[in-house]
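Overview (structure and organization)
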Amino acid sequence: MSGTVSTSREDGFALLEAVVVLAITAMVFVALAVSTGLVVRNAKAMSERTNLAETLMGGLEAWRHDVAAAFIPGDVSNGPSMTGSADAMTFVTARFGIDGIPARVTYRAQSARVDRTVANYTSVAADRSPAASAEAVLDGPWRFRFAYRARHGEGRWLDSWTRANELPAFVRLSVLTAQAPQSIIAEVVAPIRANRTTVCLDACVAVLDRTGRP
């Protein structure tokens, strides 16, 4: 009789131990699943942030490269060489020109992107060209703002540029967070090397051919 009771107790303890082991194993698997999920989510978030940063840097560099090539053509009958506001800027460059004819390039910030539009300088202004020619250069959870600095002793940045036959010394593109429009996360300043009021187009094209920049 006592042997039967002892055997039953041993079987009961063994069953309890098995249940405890199963419970601990289940808790370990749950913890592993949660930690793995966190790692995957963190890795995905980091990858998305990296891609956004690369997209932002690439777009800013493209903008800086284009603006640095701005110049004043010898013939200004088709409008000012550069006009700008906090939300858009238009300038003339030979970088996109065809057969020696310069192009009028417009960068326009709207919502969370910056579009670039290229039009022939001899035609109407770029902002009247077909919308299909617009290309998104910057696109992401940001806001954008342009600013301009004159060449002659003015140390402050201007929110607009309206000087018909003069180029600013520098143009700045600020990137701000969408949630806090005054919080700047990046800025790029593009120097404009054409320090003159009248430029011979042939000479500019020749310099571009030799060096890739004015």
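In this text, all values refer to a predicted model and were calculated from it rather than measured experimentally.

**A few points about the packing of aromatic side chains**
Scanning the model with the defined rule gives 3 aromatic pairs in all. When the centroid spacing of 6.4 Å and the interplanar angle of 75° are considered together, the rings of Trp142 and Phe144 count as edge-to-face. With respect to burial, Trp142 and Phe144 carry one shared label: buried.

**Focus: a nonpolar patch on the surface**
A surface patch of nonpolar side chains, about 340 Å² in accessible area, is lined by Val20, Ile24, Val28 and Leu32. As for its placement among the helices and strands, Ile24 is situated in helix α1 (residues 2-67). We classify Ile24 as partly exposed; its relative accessible area is 48%.

**Focus: the side chain of Arg116**
One can find Arg116 in strand β4 (residues 113-120). The class of Arg116 is buried, set by a relative accessible area of 12%. In this structure the side chain of Arg116 is engaged in a polar contact, spanning 3.3 Å, whose partner is the side chain of Tyr107. Beyond its immediate stretch of four places on either side in the chain, Arg116 contacts Asp66, Phe96, Val105, Thr106, Tyr107, Ser133, Ala134, Glu135 and Val137.

**Details of the sheet that holds strand β8 (residues 184-191)**
One open sheet accounts for 3 strands, arranged β6-β7-β8; its pairing is antiparallel. Of all the strands in the sheet, just β6 (142-149) and β8 have a single pairing partner and so form its edges. Averaged over all pairs of adjacent strands, the angle between their axes in this sheet comes to 20°, without regard to strand direction. Sheet topology places β6 next to strand β7 (residues 170-177); 8 bridges connect them, and they run antiparallel. Along β7, the bridge assignment pairs Tyr148 with Val171.

**Quick notes on the confidence of the model for the protein chain**
Across the protein chain, the average pLDDT comes to 74, with 63% of residues at 70 or higher. Here helix α2 (residues 201-211) stands out as the least confident element of the protein chain, with mean pLDDT 43; β6 is the most confident, with 93.

**Notes on the pairing of β7**
Most of β7 is tucked away, with 7 of its 8 residues classed as buried. Judged from the 7 bridges that link them, β7 and β8 form a sheet pairing that is antiparallel. Each residue of the ladder has a partner; that of Leu176, found in β8, is Ile184.

Conventions we followed
- Residues numbered from 1 in each chain as written.
- Predicted model: local features only at pLDDT ≥ 70, side-chain atom pairs only at ≥ 80, totals over all residues.
- Heavy atoms only, no water.
- Phe/Tyr/Trp six-rings, centres within 6.5 Å; stacked < 30°, edge-to-face > 60°.
- Buried < 20%, exposed > 50% of the residue type's maximum accessible area, 1.4 Å probe, protein only.
- Patch = residues over 30% accessible without salt bridge, like charges linked within 9 Å, V, L, I, M, F, W, Y side chains within 5 Å.
- Areas by Shrake-Rupley, 256 points an atom, 1.4 Å probe, with all protein chains shown as cover.
- Salt bridge = Lys/Arg side-chain N within 4 Å of Asp/Glu carboxyl O.
- Helix = DSSP H or I, 4+ residues; strand = E, 2+ residues; numbered from the N terminus.
- Polar contact = N/O pair within 3.5 Å; in protein donor to acceptor, adjacent residues only side chain to side chain.
- Contact = heavy atoms within 4.5 Å.
- Pairing = 2+ DSSP bridges.
- Axes fitted to C-alpha atoms, helices over the stretch in contact; angles between N-to-C directions.
- pLDDT = per-residue confidence, 0-100.

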